[in-house]
Amino acid sequence: MEDSGREVIVMTLVRPENPQQARMVRLLRDDGPRSRVELGDTLGLSRSTLTTELDRLVTRGLVETAGLAASRGGRRSSLLRLAAGVRFAGVVVAADRITVAVTDGELNVLAETGEPADVRGGPEPVIGRAVDLLDKLRAELGVAEFTGVGVALPGPVDGDGTSIAPAALPGWQRFPVRDAFATELGCPALVDNDANVLALGEQHAGIGRTFDDFLYLKLGTAIGCGLVLGGTLYRGATSSAGDIAHLPIGEDGPTCVCGEVGCLEAYSGDAGLVRAALAAARSGRSSALSARLTTAGTLTVPDVAAAATAGDPAAQELVRDAARRLGRVLVGLVSFFNPGIVVIGGAPDGLGHILLSEIRGVVYRRSAPQATGTMPVVLSDLAERAGLVGTARLASEHVFTSG
Ligand SMILES: [Zn+2]
């Protein structure tokens, strides 16, 4: 039946019809192939309901049989899994690069590719390149069509998948990114900011898997936060929950890209680190950074990381200072949301452990023991994969809802 149904699968691929079917496909997405018995036990469904709904999912091209489960003593039960026709596409847009991937229904990355891109050139060329790269992967993998596409942008996105006032994305203001991808790829498209997408990736494939409530802190060029509450990404009333980059933390602080002064990002984002490094170099407080500035004419985050890891005290201190400010913001967030874990991603290479240790120090010292007594603060171990898995998860959350 699976063989003869392949063409039909592509043509009839649709969303689950009811909440029970949606729970089944989400379980198969999150836990992989399961026997009928396991599915019935986990979902608490009667045998007849289970059979009826599974048959419908098979007919709709979302689920297929995958051989026999290991024997539990009696007759061997057949395994079910998400169908081979379920293929998600993911696009991660960063300030200087686009990365795309294709995943299966369980959100395993089947293929990925990327290339440098200048997002300041506006949305059309970037979206055009992303679609070209996805078409290439689609042809290589023999995928007929995508089940859905998820897109991560390095800036705010509203509930309609429109890019809003992004400092990192000049020219993208009010651009309908979601509609552009949906039209180009002919499938449902979902767009969210990178911190939310990274939190979704962490929820699917990282340490977030084991926590219903967690907070993902994204460092780097832009600082952001993704919040998973009760197993669901929390976006807030106008899709801007977790947008902590411009929290005012210093009255007379450095000028931020947003035009204000003293924003968290202006202190603790990549530009803040470089600004502090230039000050340390010019004042002579850091001999390593002074020497580097003389040779290169400017400083970068990797220069800061190199000086700090080589033991330069001023470089280490400026990194710790950035981390302390992040830590103080986290104290507020942790007190407010009481997450089970804080996962930190996007730390510059070589600086993760210095940042983590200082952030932990502030969070544990300044938070109520009730809130943080058993709460780990860890670095993400997913690296770039979190974004790609997260975009696929974003698309699947939409498609795997009864509609
Ligand atoms: Zn700002």
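Residues numbered from 1 in each chain as written. Predicted model: local features only at pLDDT ≥ 70, side-chain atom pairs only at ≥ 80, totals over all residues. Heavy atoms only, no water.

### Considering the coordination of the zinc ion
Then step 1. Every protein donor of the zinc ion is accounted for by His246 (ND1), Cys256 (SG), Cys258 (SG) and Cys263 (SG), and the metal-donor separations fall at 2.0 to 2.3 Å.
Then step 2. Around the zinc ion, the 4 donor atoms are arranged such that angles at the metal cover 100 to 120°; this shape is classified as tetrahedral.
Then step 3. Within one chain, the residues donating to the zinc ion are spaced in sequence as H-x9-C-x1-C-x4-C. Of the two residues, His246 sits in the loop between strand E11 (232-233) and helix H8 (264-268) while Cys256 sits in the loop between E11 and H8, which places them 10 residues apart along the sequence.
Then step 4. On the basis of relative accessibility, which here comes to 34%, the residue His246 falls in the partly exposed class. (Donors = N, O, S within 2.8 Å, 3.2 Å for Na, K, Ca; no water. Tetrahedral: all angles 85-135°; square planar, octahedral: opposite > 155°, others 65-115°. Helix = DSSP H or I, 4+ residues; strand = E, 2+ residues; numbered from the N terminus. Buried < 20%, exposed > 50% of the residue type's maximum accessible area, 1.4 Å probe, protein only.)

### A word on the sheet that holds strand E2 (residues 63-68)
What holds strands together in a sheet is hydrogen bonding between their backbones, with the strands either parallel or antiparallel.
Then step 1. Reading across from one edge, E1-E3-E2 is the order of the 3 strands in this open sheet, with antiparallel pairing throughout. Looking at which strands have only one partner, the edges of the open sheet turn out to be strand E1 (34-35) and E2. (Pairing = 2+ DSSP bridges.)

### Focus on the pairing of strand E10 (residues 224-229)
Then step 1. Summarising burial for E10: 5 of the 6 residues are buried, a large majority.
Then step 2. The pairing of strand E9 (residues 214-218) with E10 spans 5 bridges and is classified as antiparallel. Of the residues in E10, the one forming a bridge with Leu215 is Leu227.
Then step 3. Turn length for the E9-E10 hairpin, with the two strands adjacent in sequence and antiparallel, is 5 residues, and the turn residue Gly220 shows positive phi of about 115°.
Then step 4. Here 2 bridges tie E10 to E11, and the two strands are oriented antiparallel to one another. Among the inter-strand pairings, Val228 is bridged to a residue of E11, identified as Leu233.
Then step 5. The turn linking E10 back onto E11 is made up of 2 residues, and Gly230 within it adopts a positive phi angle of 60°.

### Side note on helix H9 (residues 270-282)
Then step 1. Taking 1.5 Å per residue, 13 residues should reach 18 Å; H9 reaches 18 Å between its end C-alpha atoms and fits that length.
Then step 2. Along H9, the residues classified as buried are Gly272, Leu273, Val274, Ala277, Leu278, Ala280 and Ala281.
Then step 3. Elements that come into contact with the buried residues of H9 comprise H8, helix H10 (287-296), helix H11 (301-309) and helix H12 (313-337).
Then step 4. One or two positions beyond H9, positive phi appears at Gly284, with a value near 80°. (Expected span 1.5 Å × (residues − 1). Contact = heavy atoms within 4.5 Å.)

### Thoughts on the domain arrangement of the chain
Then step 1. When the domains of the chain are assigned, the result is domain 1 (19-82), domain 2 (87-203 + 386-399) and domain 3 (211-380).
Then step 2. Just the C-alpha atoms count here: the centres of domain 1 and domain 3 sit 44 Å apart. (Domains from an automatic or database assignment.)

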